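Chain residues, written in single-letter form:
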Amino acid sequence: GAVVSQHPSWVICKSGTSVKIECRSLDFQATTMFWYRQFPKQSLMLMATSNEGSKATYEQGVEKDKFLINHASLTLSTLTVTSAHPEDSSFYICSATRTGKETQYFGPGTRLLVL
Amino acid sequence: GNSVTQMEGPVTLSEEAFLTINCTYTATGYPSLFWYVQYPGEGLQLLLKATKADDKGSNKGFEATYRKETTSFHLEKGSVQVSDSAVYFCALSASYPSNTGKLIFGQGTTLQVKP
């Protein structure tokens, strides 16, 4: 139990385009999902907290107009990187929890490369 | 602010060697402490956790004890296997001023076990 999937696992796009990444909790309802960014050989940096049915809460320094997060249902959250640029290339990871304060279950990550 | 510091890697060991990965933290109050493992090409998996002082988390032969007096949560295993090769992340979830469920990660320690 507690499986989280992400789609796509890999995406390559041209600079200026938008990319949507999906995060799904497959066997439980997730009231809260978290989005992280991981640079090569570095730690995970929390970008935002997403609660079902409400606006996401962004960490300081994260552009909310650049990284659009939608948590429309208890099993799906999406991260859209708008007008992507090469500096947005990274590994994006989501996690999900049942209540927001329990153990986080992580997705396998999505590698984004912006050319 | 809250932070987690891990020993720098990579750590290279021979099979059946003893493993210690140091982790210290800075936090107000009584955070929950976690070790996550990331195998190559996969997402993070919870390895073990401890929620209060002197608790010992254990799983798959790994152990870590929550030491409030030294603000540490060192990961140990008595006999490592090649299959333990992965990146290990220490993390905390702060309880003060409120329990938001957010995780703060250390920088990760790469473990390579040679046959």
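Look up a bit, the structure's there.
Report follows, based on the coordinates. All values derive from a computational prediction rather than experimental measurement.

## Quick word on the sheet that holds strand β8 (residues 62–65) of chain B
Residues and elements named next belong to chain B.
Reasoning step 1: The four strands lie next to each other as β3-β9-β8-β7, forming an open sheet whose pairing is antiparallel. Sheet topology places β3 (19–21) and β7 (56–59) at the edges, where each strand pairs with a single neighbour. The average angle at which neighbouring strand axes cross in this sheet is 15°, direction not considered.

## A short note on the layout of surface pockets
Reasoning step 1: Put simply, the largest pocket is a space of about 680 Å³.
Reasoning step 2: Taken together, 29 residues make up the lining of the largest pocket; nearest its centre are Gln38(A), Phe39(A), Pro40(A), Lys41(A) and Gln38(B).
Reasoning step 3: When residues of the lining of the largest pocket are traced back to their parent elements, those giving at least two are β9 (90–97) and β11 (110–114) of chain A together with β10 (86–93) and β12 (109–114) of chain B.
Reasoning step 4: Grouping the amino acids of the lining of the largest pocket by side-chain chemistry returns 11 nonpolar, 14 polar and four charged.

## Structural notes on the side chain of Ser50(A)
Residue and element names in this part refer to chain A.
Reasoning step 1: Relative to the assigned elements, Ser50 resides in strand β5 (residues 44–51).
Reasoning step 2: Ser50 gets classed as buried once you look at its relative accessible area, which sits at 1%.
Reasoning step 3: At 2.8 Å, the side chain of Ser50 forms a polar contact with the side chain of His71.

## Topic: the interface of chain A and chain B
Reasoning step 1: Taken together, the contact pairs 18 residues of chain A with 16 residues of chain B.
Reasoning step 2: Here chain A packs against chain B, burying approximately 1,300 Å² in sum over the two surfaces, 55% of which is carbon and sulfur.
Reasoning step 3: Counting the contacts that link chain A with chain B gives one salt bridge.
Reasoning step 4: Residue Lys102(B) is joined to Glu59(A) by a salt bridge in which the shortest nitrogen-to-oxygen separation is 2.8 Å.
Reasoning step 5: There are five residue pairs in polar contact (both at pLDDT 80 or more) connecting chain A and chain B.
Reasoning step 6: The residue makeup of the side of chain A that touches chain B, split by class, is eight nonpolar, eight polar and two charged.

## Focus: the environment of Ala30(A)
Residues and elements named next belong to chain A.
Reasoning step 1: Examined against the element boundaries, Ala30 turns out to sit in the loop between β3 (19–25) and β4 (32–38).
Reasoning step 2: Take Ala30: its relative accessible area is 0%, and that puts it in the buried class.
Reasoning step 3: Along the chain, Ala30 and Gly16 lie 14 residues apart, while their C-alpha atoms are 32 Å from each other.
Reasoning step 4: Sequence-distant contacts of Ala30, defined by excluding residues within four places in its chain, comprise Ser25, Glu52, His71, Leu74, Ala96, Thr97 and Arg98.

## Regarding the state of the cysteines
Residues and elements named next belong to chain A.
Reasoning step 1: In total, this model carries two disulfides over all chains according to the counting rule given.
Reasoning step 2: Note that Cys23 is cross-linked by a disulfide to Cys94, the S-S spacing being 2.0 Å. Measuring the twist about the S-S bond at about 80°, one finds the Cys23-Cys94 disulfide to be right-handed. Within this pair, whereas Cys23 is found in strand β3, its partner Cys94 is found in strand β9, the two being separated by 71 residues in sequence.

## Some thoughts on the pairing of β5(A)
All names here are of chain A.
Reasoning step 1: Most of β5 sits out of view: six of its eight residues are buried.
Reasoning step 2: Across seven bridges, β4 lies against β5 in antiparallel orientation. Note on β5: the bridge partner recorded for Gln38 is Leu44.
Reasoning step 3: The antiparallel pairing of β4 with β5 creates a hairpin that spans five residues between the two strands, and Lys41 there sits at a positive phi of about 60°.

## Observations concerning unusual backbone geometry
Reasoning step 1: The step from His7(A) to Pro8(A) runs through a cis peptide bond, and the omega angle for that step is 0°.
Reasoning step 2: Each neighbour pair has its own omega, and for Gly9(B) with Pro10(B) the value is 0°, a cis peptide bond.
Reasoning step 3: Looking at the element boundaries, Pro10(B) is found in the loop between β1 (3–6) and β2 (11–14).
Reasoning step 4: Even without being a glycine, Ser83(A) presents a positive backbone phi close to 40°.
Reasoning step 5: Among the structural elements, Ser83(A) can be located in the loop between β8 (76–81) and β9.
Reasoning step 6: The class of Ser83(A) is partly exposed, set by a relative accessible area of 33%.
Reasoning step 7: A positive phi angle, close to 45°, is found at Thr71(B), a residue other than glycine.

Thresholds applied
Residues numbered from 1 in each chain as written. Chains lettered and ligands numbered in written order. Predicted model: local features only at pLDDT ≥ 70, side-chain atom pairs only at ≥ 80, totals over all residues. Heavy atoms only, no water. Pairing = 2+ DSSP bridges. Helix = DSSP H or I, 4+ residues; strand = E, 2+ residues; numbered from the N terminus. Axes fitted to C-alpha atoms, helices over the stretch in contact; angles between N-to-C directions. 1 Å grid on protein atoms, 1.4 Å probe; cavity = no way out; pocket = protein on both sides within 12 Å on 5 of 7 lines; lining within 4 Å. Points joined across faces, edges and corners; volume = space filled by probe spheres on them. Nonpolar A, V, L, I, M, F, W, Y, C, P; charged D, E, K, R; others polar. Buried < 20%, exposed > 50% of the residue type's maximum accessible area, 1.4 Å probe, protein only. Polar contact = N/O pair within 3.5 Å; in protein donor to acceptor, adjacent residues only side chain to side chain. Contact = heavy atoms within 4.5 Å. Buried area = accessible area lost by both parts, 1.4 Å probe. Salt bridge = Lys/Arg side-chain N within 4 Å of Asp/Glu carboxyl O. Disulfide = S-S within 2.5 Å.

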